[in-house]
Amino acid sequence: MLNLYALKQYILLNEGWRTKCYPDTAAAHNPTIGVGFNLNQPHARFILKGLGLDYDSVLQGKVSLLPHQIMALFNYDLRDAMRETQGYFPNLSLIDDVRQIVLIDMVFNLGPVKFSQFHKLIAAVNKAAISKNQNDWNDAANEMEFS
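Everything quoted here is computed from the prediction, not taken from an experiment.

A. Up close: the sheet that holds strand β1 (residues 18-24). Taken in spatial order, the three strands make up an open sheet running β1-β2-β3, and their pairing is antiparallel. Unpaired on one side and paired on the other, β1 and β3 (37-38) mark the two borders of the sheet. Of the pairings in the sheet, the one linking β1 to strand β2 (residues 30-34) comprises four bridges and is antiparallel in character. Its bridge partner lying in β2, D24 is registered against N30.

Quick look at the structure:
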């Protein structure tokens, strides 16, 4: 069973935590808030409204999010990333926690569209997950490095 606490800590370490809107430098300067929540995603306005937030005020930096609001957005994105990762790797549960965390983090940060372009990495991880051969994991690591 995946250690969700370790997963969240890893992503938080990589992504950071912001209470106000900022341009995400790694993603074409998309307006972002919290733990990498992209305000340009299709349902952002609806999701923020559900948290009692005005989208335009958040986007303009007039509102600082509270910790529980940031965690709600983080959990929303994390659920999506975990579901998408499972789609790329049907045998994800056979992979150790450390590797699962790295893969989920990649999908979380890149998004499913960009991640889907790493065909060789996806194939190498799927092969290694079944074979459990260290050489196959080395191949997967190389593909990740070259991606």
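B. Focus on the pattern of salt bridges. Enumeration according to the criterion identifies five salt bridges in this entry. Here R83 ties to D80 by a salt bridge, and the two come within 2.9 Å at their closest N and O atoms. Residue R83 and its partner D80 are located together in helix α4 (residues 67-88), separated by three residues, close to a single helical turn. By relative accessible area, D80 is classed as partly exposed at 25%. Across the pair R83 and E84 runs a salt bridge whose closest N-O atoms are separated by 3.7 Å.

C. A look at the nonpolar core. The biggest cluster of nonpolar side chains holds 40 residues, and the ones touching the most others in it are F89, F115 and V125. Elements that contribute at least two residues to this core include exactly α1 (4-15), α2 (44-50), α3 (55-59), α4, α5 (97-110), α7 (119-131) and α8 (134-146).

D. Spatial organisation of α4. Taking 1.5 Å of rise per residue, the 22 residues of α4 would be expected to cover 32 Å, and the 31 Å separating its terminal C-alpha atoms lies within 8% of that figure. Every buried residue belonging to α4 is among Q69, I70, L73, F74, D77, L78, A81, T85 and Y88, and all of these are buried. The arc that holds every buried residue of α4, seen down its axis, measures 165 degrees, which confines them to one face. For α4, exposure combined with an orientation more than 90 degrees from the buried face picks out H68, R79, R83 and G87.

E. Just the packing of aromatic side chains, in detail. In this structure the tally under the stated criterion is six aromatic pairs. Relative to F118, the ring of F115 lies with its centre 6.0 Å away and its plane at 75 degrees, an arrangement referred to as edge-to-face. Cluster of aromatic residues (ring-pair linked, three or more members): Y88, F89, F115 and F118. The aromatic ring of Y22 is capped on one face by R18, whose charged end is 4.1 Å from the ring centroid. The ring centre of W137 lies 4.1 Å from the NZ or CZ of R99, which sits over that ring.

F. Examining the packing of α7 against α8 more closely. Two elements in contact, α7 and α8, have axes whose closest approach is 8 Å; the angle formed by their N-to-C orientations is 160 degrees. By the angle between their directions, the pair α7 and α8 is classed as roughly antiparallel. Once α7 is placed against α8, the crossing between them reads as left-handed. Taken together, the residues of α8 that come into contact with α7 (itself represented by K120, L121, A124, V125, K127, A128, A129 and S131) are D136, W137, D139, A140, E143 and M144.

Parameters and conventions
Residues numbered from 1 in each chain as written. Predicted model: local features only at pLDDT ≥ 70, side-chain atom pairs only at ≥ 80, totals over all residues. Heavy atoms only, no water. Pairing = 2+ DSSP bridges. Helix = DSSP H or I, 4+ residues; strand = E, 2+ residues; numbered from the N terminus. Salt bridge = Lys/Arg side-chain N within 4 Å of Asp/Glu carboxyl O. Buried < 20%, exposed > 50% of the residue type's maximum accessible area, 1.4 Å probe, protein only. Core = buried A, V, L, I, M, F, W, Y, C linked by side-chain atoms within 4.5 Å. Expected span 1.5 Å × (residues − 1). Arc of directions from axis to C-beta. Phe/Tyr/Trp six-rings, centres within 6.5 Å; stacked < 30°, edge-to-face > 60°. Lys NZ or Arg CZ within 6 Å of the ring centre and 35° of its normal. Axes fitted to C-alpha atoms, helices over the stretch in contact; angles between N-to-C directions. Parallel < 35°, antiparallel > 145°, perpendicular 65-115°, else oblique. Left-handed = near helix turned anticlockwise from the far one by under 90°. Contact = heavy atoms within 4.5 Å.

Structural measurements only, silent on function.
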